[in-house]
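Here is how the chains run, residue by residue.
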Amino acid sequence: MTEQNNATEFARAYSGEERAGAVRSRTIQHDGVTIPVSRGGRGRPLVLCPGLGSTQASLRELAGLLRRDHDVVTFDLRGHGLASAAGRYSFDDFLGDLTAVMAELEHDLPEAPVLVGYSLGADLAVHYASEHPGTLAGLVLIDGANPVPEPFVTEAVLPEFRAMWEEQAARQEAERGTERQVLLTAPQLADLNVEIDVIRSGILDRYRKIDRPISMIMSTSMAGDDAGGLARRFNRNWRAGVERLVREQPHITTTWLEADHQLVSTHAQEIARLVSSTPEHPGD
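The numbers attached to residues start from 1 for each chain and follow its sequence in the written order. Totals for whole chains, interfaces and linings use every residue, but because this is a predicted model, local features are given only for residues with pLDDT of at least 70 and side-chain atom pairs only at 80 or more, for both listing and counting. Side-chain figures throughout are based on the complete set of non-hydrogen atoms in the structure, without hydrogens or water.

Caption draft 1: Summary view of the overall build of the protein. Of the regular secondary structure elements, the protein holds 10 helices and 8 strands. Relative to the compact-globule value of 19 Å for 284 residues, the protein shows a C-alpha radius of gyration of 18 Å, a close match. Considered along the principal axes of its C-alpha atoms, the protein spans approximately 55 × 40 × 30 Å. Three exposure classes are used, based on accessible area relative to the maximum for each residue type with a 1.4 Å probe and protein chains only: buried under 20%, partly exposed in between, and exposed over 50%. Within the protein, the fraction of its 284 residues that count as buried is 53%. Counted over contacts in the protein with a minimum sequence separation of 6, partners at least 24 positions apart contribute 72%. Surface accessibility in these figures is a Shrake-Rupley result with a 1.4 Å probe; residues are shielded only by whichever protein chains are displayed. In the structure as shown, the protein presents an accessible area of about 12,600 Å², 49% of it carried by carbon and sulfur atoms. Only four residue types enter the tally: Lys and Arg on the positive side, Asp and Glu on the negative side; His and the chain ends are excluded. Each charge is placed at NZ for Lys, CZ for Arg, CG for Asp and CD for Glu. One finds the centroid of the 28 positive side-chain charges in the protein at a distance of 2 Å from the centroid of its 41 negative side-chain charges. Under the DSSP-based scheme used, a helix requires at least four consecutive residues in state H or I and a strand at least two consecutive residues in state E, with every element numbered from the N terminus. With C-alpha atoms as the basis for the radius of gyration, the globule rule is written as 2.2 Å multiplied by the number of residues raised to the power 0.38. Here a residue-residue contact requires only that any non-hydrogen atoms of the pair lie within 4.5 Å.

What follows is the structure in structure tokens.
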């Protein structure tokens, strides 16, 4: 299928009934990966980018709430949910997935969308926005894209993180074959988290290239509320990163929620309300 025919099919799939609020799904092919895409709702366009370990299924409540006021597009990243597995799971590979989805939407959306990213999805959104000026109405970043002053994954805590990722990968075995599955192995999770630390160390340069409104919705206890030293230190580092960003970019709006990193599930209604009140760029 040619790119032109593919775009025509995409537009046809989301006309008529879809505009009335029904959710329709299809797939796109990118880099040897099949990416499932869903769209539904009515209102200004919005693209919801998931994070590492999250899927369209795990974000279903938030997406459903957003569809009350938005024409919402959701999708699964490679190796997640109903997307196919891939040979590589680097940051650039995930960014390529987001870019492919946005390219597919380019000629179908009636206006520039708001791009909402959660966790890793927030980092992907910042990188996408910095590389595609003028294509978005605004950004909403949920508990990610944080220029933390210190890396999280250091040699001192690497054994604890490796144990956590092994446990996470073992839990994910129970989700195999479902819409919530995550196919990354523990070593792949480890490599990606180390890479994200490096990328966040230079993300301020990306923010400087963005000329659209940015809103952040951040958790006060990203690492949990355990009284132990590690969680407390990680949470301080998380807050310090946002404070660092806002000092340099005072136009960025920040809302803190009393929650941990699972805030998209535990505070979906509040997040949807905040997203709906987000200002957008009036257009070029």
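Caption draft 2: Molecular detail of the nonpolar core. We define a nonpolar core as any set of buried Ala, Val, Leu, Ile, Met, Phe, Trp, Tyr and Cys residues linked to one another through side-chain atoms lying within 4.5 Å. Phe 75, Leu 124, Leu 139, Leu 141 and Tyr 207 are the most contacted members of the largest nonpolar core, which totals 63 residues. Top element by residues in this core is helix 3 (residues 91-105). It accounts for 8 residues. Ranked by size, the runner-up nonpolar core spans 24 residues in total, among them Leu 46, Val 140, Ala 259 and Ala 268.

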